[in-house]
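Given next are the chains, with one letter for each unit.
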Amino acid sequence: MTLYNETVHDLHEKLTKKEISSVELTEKVFDRIDKVEDSVKAYITLDKEGALKKAREVDQKIAAGEAIKPLTGIPGAIKDNISLKGMRLTCASKILENFQPVYDAHVIENLRKDDTVFIGKTNMDEFAMGSTTETSYFKATSNPWDLTRVPGGSSGGSAAAIAAGEAIWSLGSDTGGSIRQPASFNGCVGIKPTYGRVSRYGCIAFASSLDQIGPITKDVTDAAIVLNTICGVDAHDSTSANVPVPDFTKALKQDVKDMVIGLPKEFFGKGTDPKVAEQIKLTAKKYEELGAKVVEVSLPHTEYAVITYYIIAPAEASANLGRFDGVRYGFRDLSAKSAPEMMAATRTEGFGEEVRRRIMLGTYVLSSGYYDAYYNKAMQVRTLIRQDYQKAFETCDLLLTPTSPVVAYSLDAKMDPLTVYMLDVTTIPVNMAGLPGMSIPCGFVDGMPVGAQLIGKPLGEETLLRAAYTFEQATEFHKAVAPLGGKK
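Residues numbered from 1 in each chain as written. Predicted model: local features only at pLDDT ≥ 70, side-chain atom pairs only at ≥ 80, totals over all residues. Heavy atoms only, no water.

Per an unreviewed UniProt entry, the protein chain carries the name Glutamyl-tRNA(Gln) amidotransferase subunit A and comes from Acidaminococcus intestini. Database annotation for the protein chain, UniProt heading Function (unreviewed entry): "Allows the formation of correctly charged Gln-tRNA(Gln) through the transamidation of misacylated Glu-tRNA(Gln) in organisms which lack glutaminyl-tRNA synthetase. The reaction takes place in the presence of glutamine and ATP through an activated gamma-phospho-Glu-tRNA(Gln)." (UniProt positions renumbered as here; feature names shortened; annotations may be inferred.)

## So, the overall build of the protein chain
Along the protein chain, the regular secondary structure elements total 15 helices and eleven strands. For 488 residues, the compact-globule estimate of 2.2 N^0.38 gives 23 Å, and the protein chain sits close to it at 21 Å. Along the first, second and third principal axes, the C-alpha atoms of the protein chain reach 65 × 55 × 50 Å. Buried positions account for 61% of the 488 residues belonging to the protein chain. Counting contacts in the protein chain only where the partners sit at least 6 residues apart, residues at least 24 apart contribute 76% of the total. When the accessible surface of the protein chain is totalled, it reaches about 18700 Å², and 52% of it is carbon and sulfur. Taking the average location of the 55 positive side-chain charges in the protein chain and that of its 61 negative ones, the two points are 1 Å from each other. (Helix = DSSP H or I, 4+ residues; strand = E, 2+ residues; numbered from the N terminus. Rg over C-alpha atoms; globule rule 2.2 N^0.38 Å. Buried < 20%, exposed > 50% of the residue type's maximum accessible area, 1.4 Å probe, protein only. Contact = heavy atoms within 4.5 Å. Areas by Shrake-Rupley, 256 points an atom, 1.4 Å probe, with all protein chains shown as cover. Lys, Arg positive; Asp, Glu negative; His and termini not counted. Charge placed at Lys NZ, Arg CZ, Asp CG, Glu CD.)

## Structural notes on the pattern of salt bridges
Applying the stated rule across the entire model yields 21 salt bridges. In this structure, the salt-bridge partner of R357 is E353, at a minimum N-O distance of 3.2 Å. Here R357 pairs with E353, and both are found in helix α11 (residues 353–366), just four residues apart, close to one helical turn. A residue is classified by how much of its surface remains accessible, and R357, at 27% relative accessible area, is partly exposed. E353 gets classed as exposed once you look at its relative accessible area, which sits at 56%. Through salt bridges with shared partners, one network takes in K54, E57, K61 and D115. (Salt bridge = Lys/Arg side-chain N within 4 Å of Asp/Glu carboxyl O.)

## Remarks on the side chain of T302
Note on placement: T302 falls in the loop between β8 (293–297) and α9 (305–320). Using a relative accessible area of 6% as the deciding quantity, one classes T302 as buried. Ignoring any residue separated from it by four or fewer positions in sequence, one finds T302 in contact with E266, F267, D388 and V425.

## Remarks on the environment of T401
Tracing the chain through its elements places T401 in strand β9 (residues 398–402). On a C-alpha basis, the gap between T401 and T283 in space is 9.7 Å, while along the polypeptide they are 118 residues apart. Those residues in contact with T401 that sit more than four places away from it in its chain are P264, F267, F268, I280, A452, Q453 and I455.

## What about the packing of aromatic side chains?
Under the definition given, this model contains 17 aromatic pairs. Arranged with centres 5.9 Å apart and planes meeting at 50°, the rings of Y364 and Y374 form a pair that is tilted. Here Y364, found in helix α11, pairs with Y374, found in helix α12 (residues 371–392); they are ten residues apart in sequence, far enough to count as distant. With relative accessibility at 33%, the residue Y374 sits in the partly exposed group. Pairwise contacts between aromatic rings join F99, F127, F324, Y329 and F351 into one cluster. (Phe/Tyr/Trp six-rings, centres within 6.5 Å; stacked < 30°, edge-to-face > 60°.)

## Side note on empty space enclosed by the protein
For the structure shown, the criterion picks out three cavities of 30 Å³ or more. The computed volume of the largest cavity comes to approximately 100 Å³. In terms of lining residues, the largest cavity is bounded by 14 residues, among which G130, S131, S178, Y309 and D424 are the most central. When grouped by side-chain class, the residues that make up the lining of the largest cavity number four nonpolar, eight polar and two charged. (1 Å grid on protein atoms, 1.4 Å probe; cavity = no way out; pocket = protein on both sides within 12 Å on 5 of 7 lines; lining within 4 Å. Points joined across faces, edges and corners; volume = space filled by probe spheres on them. Nonpolar A, V, L, I, M, F, W, Y, C, P; charged D, E, K, R; others polar.)

## Focus: helix α2 (residues 22–40)
Along α2, the largest kink reaches about 45° and is centred on D34. For α2, the full list of buried residues reads S22, V23, L25, T26, V29, F30, R32, I33, V36, E37 and V40. Contact partners of the buried residues in α2: α1 (8–16), β1 (43–46), α3 (48–63), β2 (75–79), β3 (117–122) and α5 (156–163). (Bend = angle between axes of the 7 residues up to and from the residue.)

## Re the pairing of strand β6 (residues 213–217)
With five of five residues buried, β6 lies mostly within the body of the structure. Inspection of the sheet shows strand β5 (residues 189–192) paired to β6 by two bridges, in the antiparallel sense. Residue pairing in the sheet places V189 in a bridge with T217 of β6. (Pairing = 2+ DSSP bridges.)

## Comments concerning unusual backbone geometry
Here the bond from G153 into S154 is cis, since omega is 10°, no more than 30 degrees from zero. Along the polypeptide, S154 turns up in the loop between β3 and α5. If you check the backbone angles, F127 has positive phi at about 55° while not being a glycine. Tracing the backbone through its elements, the reader meets F127 in the loop between β3 and α5. Classification of F127 by relative accessible area gives buried; the value is 3%.

Structure representation (structure tokens):
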């Protein structure tokens, strides 16, 4: 196997044994980028010089006999809404096209302590608003499994980079499924941790009560390794959970005996591709063969989840994006004759259509006379959704659903926004309830990867990882390599 397709844990072992060097590995990854990036378009910014400089530092430490951590010297990619000092931060938006951050996000601080290597910043939907990575100001990313299809979003660049061999591991952010859905579309493993498990400091806010940073990797072991590094309390984030961070790799045991897995009936009805539903049912059957008990459960308020999300998330976005006004940083329209005209022109030209749509929707539901009718009611429904999950977890250890009701669809599919929004129906409720969720490869439909979503109790990442690892070790889906083909 070529180095760029290997896992973090395998490459760590080779670095430790001095079978390879970090420089050699980093150069192989950049060689791969040179070969396929024009087709995939996973990155907004690349930093080959900085990556090789760090790789040389790592090799010197290894040569000096210093012990290294699992991510030391391993090249990874960062979603371009996470602040990394010294590398531009755009959120895939014209309004931040040339913005240079002056600080590191908390997750980046943690990764620097482990001497990891940063390849660059990955493409995404503008300000993380989208499910296809087509709303990026810079370009649309393609799916390495079929270059004519979307990679999902909003962390589409981070997932496509993993599937294409353009990174060994990556970080994304997840507000309504933006790690799990692209992981599913690209045949990767993606985890959205419990809300508060990972600091949001340095992640440009979309919807502050929903956003969470997490890893996208080639297998479950790699996901546990990245989680070990990025989790932890942070004084800069008041929502950061002050709880111990376990060694997640210790949860990687092949054992689901007596585990109770719930299949929510609401996730297998109208709107879910029958072929996708069949793959999830086969996954449930495999879990039964491995010793788990599978039961049907009900989450009755699921039908209201998307509607509720598209009130709460835009409302928070309209407040968070108010800071992008052309005054302090970022793009500014220079033709305006007054401050109000300048702000209006800057935001009109600087933001894309989807971002403007959500800002206007959010401003509307927060406005006088509509707050109680929409936002307040949505928060009450959010509580009901959270209670549905609490009730399900009284009898279940975790839940199993499709990550997405469909496989990756065509670029430029010209679907109306509401249709695209409804495709997030399986992932949005997890963010609404603040729960951990992950997507693992579980099969193929029409040659495209299908992801199974595992949903856990609050701070239940270890249970998810154990269940995911058990399934992964009993199957071969995670070993499949994207062909980088298509009909173009």
